[in-house]
Amino acid sequence: MPEDRIAYHAPVGDEVAHTTCYMCACRCGIKVHLRDGKLRYIEGNRDHPINRGVLCAKGSAGIMSVTSPARLRSPLKRVGPRGAGEFEAIGWDEAMAIVTARLAGIRASDPHRLAFFTGRDQSQSLTGHFARMFGTMNFAAHGGFCSVNMAAAGLYSVGGAFWEFGEPDWNHAKLFLLFGVAEDHDSNPIKLGLAKLKERGAKIVSVNPVRTGYSAIADEFVGITPGTDGLFIMALIHCLLAEGAVDTAFLVRYTNAHHLVIDAPGAADHGLFARDAEGAALAFDRKTGALARADATGTDPALLGTFTLPDGRRARPSFALLAERYAAAEYAPEAVEARCGIAAATIRRLAAEIAEIAFRQPVVIEQAWTDTDGRRHETMTGRPVAMHAMRGISAHSNGFHTCRALHVLQMLIGAVDTPGSWRYKSPHPKPIPPGPGPAGRAHDGRGALTGNVLGFPTSPDDLLVDDAGEPLRLDRAFSWEAPLGIHGMMHMAIAEAHAAGRARVDTLFLYMANMAWNSAMNPGETTRMLTDRDEDGEYRIPFVIVADAFESETVAYADLVLPDTTYLERYDCISLLDRPIGSAHGPADAIRVPVLKPDRDVRPFQDVLIDLAGRLGLPDFAEAPGKPLYGSYADYMVRHQRKPGVGPLAGFRGADGNAFGRGEPNPEQISRYIANKGFARYDLPLEQLYYKHANRAYLTGAKDMGLIDDDSQIVLNLYSEHLQKFRLAAEGHGAVRPPERLRARIARFMDPLPIWYEPIEQTMTDMKQFPIHAITQRPMSMYHSWGSHNAWLRQIHSENRLYVHRDLAAAQGLEDDDWVEVVSRTGRLKCQIRIMDGVNPHTVWTWNAIGRRSGAVALAQDAPEAVRGFLLNHVISEYLPAGDDGARLSNSDPVTGQAAWFDLTVRLEKCEPETIAETQPRMAPVALTTKGAAR
């Protein structure tokens with residue numbers, strides 16, 4: 001045997017820095033090894049609460065992203081036609097003068113003419129606050145294009161949500177169900193959790209059209225037809241109701257299942273809760289045979305029946321309405337099996353397994369706790385059925401109700417923050433909903449909006465619409481077209497800016513959002529709109545600013561480019577004000593620190609935004625124009641307070657640095673984070689680990705830390721009274737009502753109980769012409785399009801295929817490696833196929849964000865990503881087909897505005913044998929040419 005000469009014990013470098021990865025949104029802790037100041041190696045931080053040392057291919061390959069030739073090197077000013085990629089390198093003084101003058105003029109005339117949209121930047125607490133202080137309502141982030149249905153459905157149902165706001169109880173779950181989960185989000189924690197489940201012998205069931213990644217290692221794969229997850233979940237509920245497998249004690253104690261719903265069709269309060277003179281919801285107490293406050297203790301509330309109110313009208317418990325709906329024959333497994341692609345026997349067996357484990361195998365932890373009513377419980381008992389869901393069920397036009405249905409299923413079996421079930425990640429749970437509605441109508445005396453730009457509507461009064469009911473925001477979020485658009489609708493920004501309607505903008509400001517490529521519903525249409533001109537020859541979208549670290553496809557369409565650093569060259573914070581790294585065991589946050597010094601003329605975008613806010617004299621950022629309050633983002637992270645004692649960083653607060661959550665600013669805070677290997681966390685006492693929505697000790701502690709403002713019990717919303725208020729407006733009640741053209745839509749989709757409906761685009765498409773569902777998934781080794789300029793990751797994914805089920809391929813005469821045209825109602829593309837078995841027979845799919853435009857991110861024009869890679873986006877549209885009145889609605893969920901790009905249906909046409917072996921469409925190259933700067 002040859003001698004092993006690798007010196008494993010030898011140090012990799014002479015210095016180690018702890019920071020936070022940015023190669024995806026997982027936010028893992030990393031150790032960065034340096035030698036002579038140069039990057040040598042990246043490994044996982046074993047002490048970090050997120051990944052505990054585990055690191056994926058993306059994280060390890062970060063070394064190739066921070067040295068990538070695709071990095072921008074200086075500010076750029078366009079000198080050629082927009083889209084040609086012709087720029088002049090300029091200095092930062094000139095760049096900041098241009099953007100300051102432009103934005104100062106906008107703010108002085110109409111702040112809403114600035115549209116500020118950011119990608120997966122993890123800095124929304126900063127960018128959103130900038131937008132509020134600037135005074136523009138036209139701000140949004142990545143969520144509307146990604147998974148706002150998950151967030152909204154959870155926050156309006158249980159005060160938390162999947163992934164970032166919740167996690168499975170990996171230590172106690174006996175049955176784990178995944179719905180629509182690919183490998184790109186939360187990958188390292190899920191891998192660690194799945195290993196625990198496997199070790200304990202828990203069963204893993206994956207519901208997904210595609211069997212890759214987690215689905216491939218699941219004990220059971222359920223190959224569902226895309227867009228039918230909600231129907232499948234409701235069939236499970238149907239079976240549980242039929243068997244009486246419902247945790248009635250949990251429903252009465254922790255949900256609004258027993259709240260009486262007024263049954264008075266045509267009345268202004270029909271479908272709302274019956275209330276007493278003080279406004280408290282009412283229930284029917286079976287002990288006394290009379291009405292009682294729903295939150296009273298010592299009562300025995302009815303869950304079924306019809307009862308008479310003092311005014312003589314009828315009312316029924318919300319659970320009775322739910323039971324009546326889902327007990328109907330239309331939700332029986334035999335009625336849904338063909339549409340879902342799941343045999344009725346499988347649905348019934350899975351429902352029986354849920355019931356068996358939930359009710360016959362409970363988890364009991366010997367730990368006393370006290371609820372918000374002062375009742376002491378000697379144990380914590382849970383239903384060990386945990387669930388997790390992601391974009392696969394979210395990115396449909398019926399996704400909000402599908403996600404709501406999943407939370408209803410959890411509530412029915414008592415599997416919300418109990419041992420073995422889905423659990424809240426701190427700082428959740430939050431009140432339902434967690435905050436006031438969105439701001440936009442009014443400015444204060446400082447020119448700032450009077451509230452947060454992105455809010456949580458509870459009634460039509462919170463919508464941003466004019467007197468005719470039409471949208472005020474550019475993207476149409478928080479209007480009757482998307483009432484609960486809590487993340488905004490980034491995917492509609494360019495299309496609506498191009499439409500140049502009443503909300504016409506002057507400047508489109510994009511940060512880390514590749515909206516001319518994979519963050520566009522349709523790249524061809526998007527780039528056309530960015531270059532389109534008015535009759536006077538001026539660009540229809542007057543001015544475009546792009547801030548990015550790399551030469552994305554969108555950079556070529558900018559008028560001004562602000563070059564960002566990479567994640568190892570700046571300070572940053574993963575804040576409790578945004579998307580932190582908390583867990584069910586307690587709140588936590590983290591920082592990034594500059595490990596490397598940039599070798600080019602770039603600046604951290606957060607520093608640039610702080611500088612810009614100071615130059616503009618924005619409230620909370622400056623005393624007056626040119627007199628900033630903060631010298632840098634690191635300074636802001638330490639000294640800024642959103643409310644007394646609460647700032648971007650929760651750890652090491654107070655004069656002595658020993659406070660968590662709330663405390664005066666600590667000048668040594670960042671140093672303390674660095675000494676603690678880049679993060680801070682607070683471990684909850686054992687009595688606070690479960691039942692957080694009604695755990696007195698937890699809620700009191702969360703309020704003391706500044707995580708919530710009210711420590712009352714958070715009543716879980718089995719029935720959503722908030723949604724019913726919008727339906728009443730559609731019926732003609734209230735001062736704010738939808739336009740006539742949208743009344744039927746609101747009445748149908750704003751249902752207080754989850755509903756299932758066929759994806760909207762499919763109801764407007766000839767399904768005989770386009771009978772095949774087409775979806776994308778992101779691989780574990782790629783995130784968005786961030787990795788396709790990374791030399792290591794390109795070796796794993798430099799091209800993609802369209803995967804076709806073996807039976808579907810045989811029916812169409814297709815074989816492995818054949819070239820096909822994929823045709824939708826709006827366009828066509830050409831790609832190569834790969835045959836597989838692990839996919840729903842009526843579905844084709846591909847990896848997303850592998851295909852690149854020729855010349856982008858410093859790739860050669862004939863790079864495989866451009867020649868053999870492709871995007872399904874080329875055959876998707878931002879808009880639905882025009883209605884009878886000629887109007888086009890967004891191709892989005894009608895409740896939240898979530899982009900519905902999983903609703904795509906297509907047909908396949910086999911190419912001739914002599915076809916050129918490259919993908920189409922091939923848009924013109926976008927390689928940048930820059931005068932006055934070294935490349």
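Residues numbered from 1 in each chain as written. Predicted model: local features only at pLDDT ≥ 70, side-chain atom pairs only at ≥ 80, totals over all residues. Heavy atoms only, no water.

1. With respect to the sheet that holds strand S30 (residues 679-681)
Then comes step 1: One open sheet accounts for three strands, arranged S26-S27-S30; its pairing is antiparallel. The sheet terminates laterally at strand S26 (572-574) and S30, the two strands that pair on one side only. On average, each strand axis in the sheet is tilted by 15 degrees relative to the strand beside it, whichever way the strands run.
Then comes step 2: Where S26 and strand S27 (residues 588-592) come together, three bridges link them in antiparallel fashion. Pairing of Ile-574 across the sheet is with Ala-590, part of S27. (Pairing = 2+ DSSP bridges. Helix = DSSP H or I, 4+ residues; strand = E, 2+ residues; numbered from the N terminus. Axes fitted to C-alpha atoms, helices over the stretch in contact; angles between N-to-C directions.)

2. Overview of the nonpolar core
Then comes step 1: Core analysis: the largest hydrophobic core is formed by 292 residues, its most contacted members being Phe-117, Phe-130, Phe-232, Phe-319, Leu-568 and Leu-802.
Then comes step 2: In terms of residue count, helix H9 (residues 229-243) provides more of this core than any other element does, 10 residues in total.
Then comes step 3: Leave out the neighbours within four places in its chain, and Phe-319 touches Leu-241, Val-246, Leu-251, Ala-257, Leu-303, Leu-304, Leu-412 and Leu-718.
Then comes step 4: Leu-260, Ala-274, Leu-282 and Phe-307 belong to the second-largest nonpolar core, a separate cluster that totals 11 residues. (Core = buried A, V, L, I, M, F, W, Y, C linked by side-chain atoms within 4.5 Å. Buried < 20%, exposed > 50% of the residue type's maximum accessible area, 1.4 Å probe, protein only. Contact = heavy atoms within 4.5 Å.)

3. Remarks on the environment of Arg-71
Then comes step 1: Tracing the backbone shows Arg-71 in the loop between helix H2 (62-65) and strand S4 (76-78).
Then comes step 2: Residues in contact with Arg-71, not counting those within four places in the same chain, are Ser-65, Val-66, Ala-549, Phe-550, Thr-566, Glu-569, Asp-599 and Arg-600.
Then comes step 3: A distance of 3.4 Å separates polar atoms of two side chains, one belonging to Arg-71 and the other to Asp-599. (Polar contact = N/O pair within 3.5 Å; in protein donor to acceptor, adjacent residues only side chain to side chain.)

4. A look at the sheet that holds strand S36 (residues 905-910)
Then comes step 1: Spatially, the six strands close up into a barrel ordered S31-S35-S32-S34-S33-S36, and their pairing is mixed. Pairs of neighbouring strands in the sheet enclose a mean axial angle of 45 degrees, with direction left out of account.
Then comes step 2: Relative to strand S35 (residues 843-847), strand S31 (residues 772-777) runs parallel, the two being bridged by five bridges. When the sheet's bridge partners are listed, Ile-775 is paired in S35 with Trp-845.

5. Observations concerning the packing of helix H3 (residues 92-109) against helix H18 (residues 605-616)
Then comes step 1: At a closest axis distance of 10 Å, the pairing of H3 and H18 adopts a crossing angle of 55 degrees. The angle between H3 and H18 falls in the class oblique. You can see that H3 and H18 cross each other, and the crossing is right-handed. Here H3 contributes Trp-92, Met-96, Ala-97, Val-99, Thr-100, Leu-103 and Ala-104 to the contact with H18, which in turn contributes Val-608, Asp-611, Leu-612, Arg-615 and Leu-616.
Then comes step 2: Here the residues of the contact of H3 with H18 are counted per class, giving nine nonpolar, one polar and two charged. (Parallel < 35°, antiparallel > 145°, perpendicular 65-115°, else oblique. Left-handed = near helix turned anticlockwise from the far one by under 90°. Nonpolar A, V, L, I, M, F, W, Y, C, P; charged D, E, K, R; others polar.)

6. Considering the side chain of Arg-383
Then comes step 1: If you trace the backbone, Arg-383 turns up in the loop between strand S20 (380-382) and strand S21 (385-389).
Then comes step 2: Residue Arg-383 is classed as buried on the basis of its relative accessible area, which comes to 16%.
Then comes step 3: Separated by 3.1 Å, the side chains of Arg-383 and Asp-247 make a polar contact.
Then comes step 4: What Arg-383 contacts, discounting residues up to four positions off in sequence, is Asp-247, Ala-358, Phe-359, Pro-362, Ile-413, Gly-414, Ala-415, Thr-418, Pro-419, Gly-420 and Ser-421.

7. Looking at helix H23 (residues 740-749)
Then comes step 1: For H23, every residue scored as buried is listed here: Leu-742, Arg-745, Ile-746 and Phe-749. Buried residues along H23 cover an arc of 100 degrees about the axis, so they all sit on one side. Those residues of H23 that are exposed and angled more than 90 degrees off the buried face are Glu-740 and Ala-744.
Then comes step 2: Contact partners of the buried residues in H23: helix H15 (399-412), helix H22 (721-730) and helix H24 (760-763). (Arc of directions from axis to C-beta.)

8. Some details on the pairing of strand S34 (residues 828-836)
Then comes step 1: Where burial is concerned, most of S34 is hidden: seven out of the nine residues are buried.
Then comes step 2: Bridge count between strand S32 (residues 802-805) and S34: four bridges; the pairing is parallel. Bridge assignment links Leu-802 to a residue of S34, and that residue is Ile-833.
Then comes step 3: Judged from the five bridges that link them, strand S33 (residues 819-823) and S34 form a sheet pairing that is antiparallel. In the strand pairing of S34, Glu-821 is matched with Lys-830.
Then comes step 4: Counted along the chain from S33 to the antiparallel partner S34, the turn is four residues long.

9. Re the packing of H9 against helix H12 (residues 333-340)
Then comes step 1: The N-to-C vectors of H9 and H12 enclose an angle of 160 degrees; their axes lie 10 Å apart at closest approach. Taken together, the axes of H9 and H12 are roughly antiparallel relative to one another. Considering the relative orientation of H9 and H12, their crossing is left-handed. For the pair formed by H9 and H12, the contact residues are Leu-231, Phe-232, Ala-235, His-238 and Cys-239 on the first element and Pro-333, Val-336, Arg-339 and Cys-340 on the second.
Then comes step 2: Here the contact of H9 with H12 is composed, by residue class, of seven nonpolar, one polar and one charged.

10. Side note on the pattern of salt bridges
Then comes step 1: Tallied over the full model, the rule gives 65 salt bridges.
Then comes step 2: In this structure, the salt-bridge partner of Glu-721 is Arg-275, at a minimum N-O distance of 2.6 Å. With a gap of 446 residues between them, Glu-721 in helix H22 and Arg-275 in the loop between strand S12 (260-263) and strand S13 (282-285) connect regions that are remote in the sequence.
Then comes step 3: Residue class for Glu-721 comes out buried when judged on its relative accessible area of 12%.
Then comes step 4: What makes Arg-275 partly exposed here is its relative accessible area of 39%.
Then comes step 5: Taken together, the shared-partner salt bridges connect Glu-799, Arg-801, Asp-816, Asp-817, Arg-834 and Arg-868 into one network. (Salt bridge = Lys/Arg side-chain N within 4 Å of Asp/Glu carboxyl O.)

11. Comments concerning the side chain of Glu-878
Then comes step 1: Here Glu-878 is to be found in the loop between helix H27 (864-867) and S36.
Then comes step 2: In this structure the side chain of Glu-878 is engaged in a polar contact, spanning 3.5 Å, whose partner is the side chain of Thr-526.
Then comes step 3: Those residues within four positions of Glu-878 in sequence are excluded, and the remaining contacts are His-491, Met-492, Met-521, Asn-522, Glu-525, Thr-526, Met-529, Leu-889, Ser-890 and Asn-891.

12. Considering the packing of aromatic side chains
Then comes step 1: Going through the model one piece at a time under the given rule, you end up with 29 aromatic pairs.
Then comes step 2: Ring geometry for Phe-130 against Phe-621: centres 6.5 Å apart, planes inclined by 65 degrees, an arrangement best described as edge-to-face. Here Phe-130, found in helix H4 (residues 124-134), pairs with Phe-621, found in the loop between H18 and strand S28 (622-624); they are 491 residues apart in sequence, far enough to count as distant. As far as burial versus exposure is concerned, Phe-130 and Phe-621 are alike and both buried.
Then comes step 3: On the numbers, 4.9 Å between centres and 80 degrees between planes, the contact of Trp-901 with Phe-902 is edge-to-face.
Then comes step 4: Using a relative accessible area of 6% as the deciding quantity, one classes Phe-902 as buried.
Then comes step 5: Ring pairs connect the aromatic residues Phe-116, Phe-130, Phe-134, Phe-139, Phe-509, Tyr-511, Phe-605, Phe-621, Tyr-630, Tyr-633 and Tyr-636, which therefore count as one cluster.
Then comes step 6: Directly above the ring of Tyr-539 sits Arg-533, whose terminal nitrogen or CZ lies 3.9 Å from the centroid.
Then comes step 7: For Arg-592, the ring lying beneath its charged end belongs to Tyr-22, and the centroid distance is 4.1 Å. (Phe/Tyr/Trp six-rings, centres within 6.5 Å; stacked < 30°, edge-to-face > 60°. Lys NZ or Arg CZ within 6 Å of the ring centre and 35° of its normal.)

13. Brief notes about H15
Then comes step 1: Over its 14 residues, H15 extends 20 Å from the first C-alpha to the last, a length consistent with the 20 Å expected when each residue adds 1.5 Å.
Then comes step 2: Of all 14 residues that make up H15, 14 are buried, and the element is covered over most of its length.
Then comes step 3: Phi for Gly-414, located one or two positions after H15, is positive at around 70 degrees. (Expected span 1.5 Å × (residues − 1).)

14. What to know about unusual backbone geometry
Then comes step 1: Note the cis peptide between Ser-426 and Pro-427, where omega equals 15 degrees.
Then comes step 2: Examined against the element boundaries, Pro-427 turns out to sit in the loop between strand S22 (422-424) and helix H16 (493-499).
Then comes step 3: At Ala-858, a position not held by glycine, the phi torsion is positive, near 65 degrees.

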